[in-house]
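# Structure at a glance
Chain by chain, the residues:
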Amino acid sequence: EESVANFRQEYAEKSAEKNVRISEIEAEYMNKYHTVEIAELTQRKNHLENECKRIASLGDVCPTCSQPITEEYKSCLSTYEDELEEVGEKIDEAMRADSLLRIEKDVLISDTNSATQKTLQSITTQANELKNEIQSKKSMLASVEKHKGEIDDSINNLRNRISMAEMSVQTAQGTLDS
């Protein structure tokens, strides 16, 4: 019983530690790599891609005003491409971090479930052992009770024989005395 209590205490402590870590992971995910941040980065990436395509497709003449496109304006393409690369890296980093956090959380939950399963198996095994021990004790008690009846019968038989022997002794003494 003490080992079961210790086991339960240890299991509760480990479960609490894992639950704290799961909460930390969820908080980290919500604070650092929230879906909105990824969505905003993705929206910015799409905008930059569209701007790069638009600038690249202009050629040498502006389709709106028909004036020549300056090299300065074309250099915006390089700036947009650099920013596009930076945003892409941030998205990749956020997605990797998100994946790692989800994997770590899943592993912790799986470990917790596995530990719970092992705990249940251990408790079930101990309960079965206790049931078997109780059954054994009941069988012993039934055997003792069966023998108790036989012993009581033997004691009563001996008492009767002693009473008869005492009566025989008294009768013999009475005969000797007379």
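What follows covers the overall build of the protein chain. A tally of regular secondary structure across the protein chain gives three helices and zero strands. Along the protein chain, helices and strands appear, N-terminal first, in the series α-α-α. Counting the 178 residues in the protein chain, one finds 15% classified as buried. Long-range contacts, defined here as pairs at least 24 residues apart, represent 73% of the contacts in the protein chain between residues at least 6 apart.

This part takes up the pattern of salt bridges. Taken as a whole, this structure holds four salt bridges when the rule is applied. Between Glu51 and Arg54 there is a salt bridge, and its shortest N-O distance comes to 3.0 Å. On the criterion of helical spacing, the pair formed by Glu51 and Arg54 is a turn pair, its members being three residues apart in helix H2 (residues 35-58).

Okay, a nonpolar patch on the surface next. On the surface, Leu100, Ile103 and Val107 cluster together to form a nonpolar patch covering roughly 290 Å² of accessible area. Tracing the chain through its elements places Ile103 in helix H3 (residues 71-177).

A cluster of acidic residues, Glu81, Asp82, Glu85, Glu89 and Asp92, forms a negative patch at the surface. With respect to the helices and strands, Glu85 occurs in helix H3. A residue is classified by how much of its surface remains accessible, and Glu85, at 53% relative accessible area, is exposed.

Mapped onto the elements, Ala56 comes out in helix H2. Using a relative accessible area of 53% as the deciding quantity, one classes Ala56 as exposed. Along the sequence, Ala56 and Lys74 sit 18 residues apart, while their C-alpha atoms lie 8.0 Å from each other.

So, on to the nonpolar core. With five residues, the main nonpolar core is built from Leu41, Leu48, Leu84, Val87 and Ile91. Those elements giving two or more residues to this core turn out to be H2 and H3. With three residues, H3 is the largest single contributor of residues to this core. Excluding its chain neighbours within four sequence positions, the residues that come into contact with Leu41 are Val87, Lys90 and Ile91.

The predicted coordinates should not be examined in detail at positions where pLDDT is low. Here the protein chain averages 79 in pLDDT, and 89% of its residues register 70 or above. Least confident of the elements in the protein chain is helix H1 (residues 2-32), whose mean pLDDT is 71; most confident is H2, at 83.

Let us look at the side chain of Glu51. Glu51 sits in the buried class, given a relative accessible area of 15%. A polar side-chain atom of Glu51 sits 3.0 Å from a polar atom in the side chain of Arg54.

The next point concerns the environment of Glu93. Here Glu93 is to be found in helix H3. Accessibility expressed as a relative area gives 43% for Glu93, which makes it partly exposed. Sequence separation between Glu93 and Ile38 is 55 residues, and the spatial gap between their C-alpha atoms is 9.9 Å.

Rules and cut-offs
- Residues numbered from 1 in each chain as written.
- Predicted model: local features only at pLDDT ≥ 70, side-chain atom pairs only at ≥ 80, totals over all residues.
- Heavy atoms only, no water.
- Helix = DSSP H or I, 4+ residues; strand = E, 2+ residues; numbered from the N terminus.
- Buried < 20%, exposed > 50% of the residue type's maximum accessible area, 1.4 Å probe, protein only.
- Contact = heavy atoms within 4.5 Å.
- Salt bridge = Lys/Arg side-chain N within 4 Å of Asp/Glu carboxyl O.
- Patch = residues over 30% accessible without salt bridge, like charges linked within 9 Å, V, L, I, M, F, W, Y side chains within 5 Å.
- Areas by Shrake-Rupley, 256 points an atom, 1.4 Å probe, with all protein chains shown as cover.
- Lys, Arg positive; Asp, Glu negative; His and termini not counted.
- Charge placed at Lys NZ, Arg CZ, Asp CG, Glu CD.
- Core = buried A, V, L, I, M, F, W, Y, C linked by side-chain atoms within 4.5 Å.
- pLDDT = per-residue confidence, 0-100.
- Polar contact = N/O pair within 3.5 Å; in protein donor to acceptor, adjacent residues only side chain to side chain.

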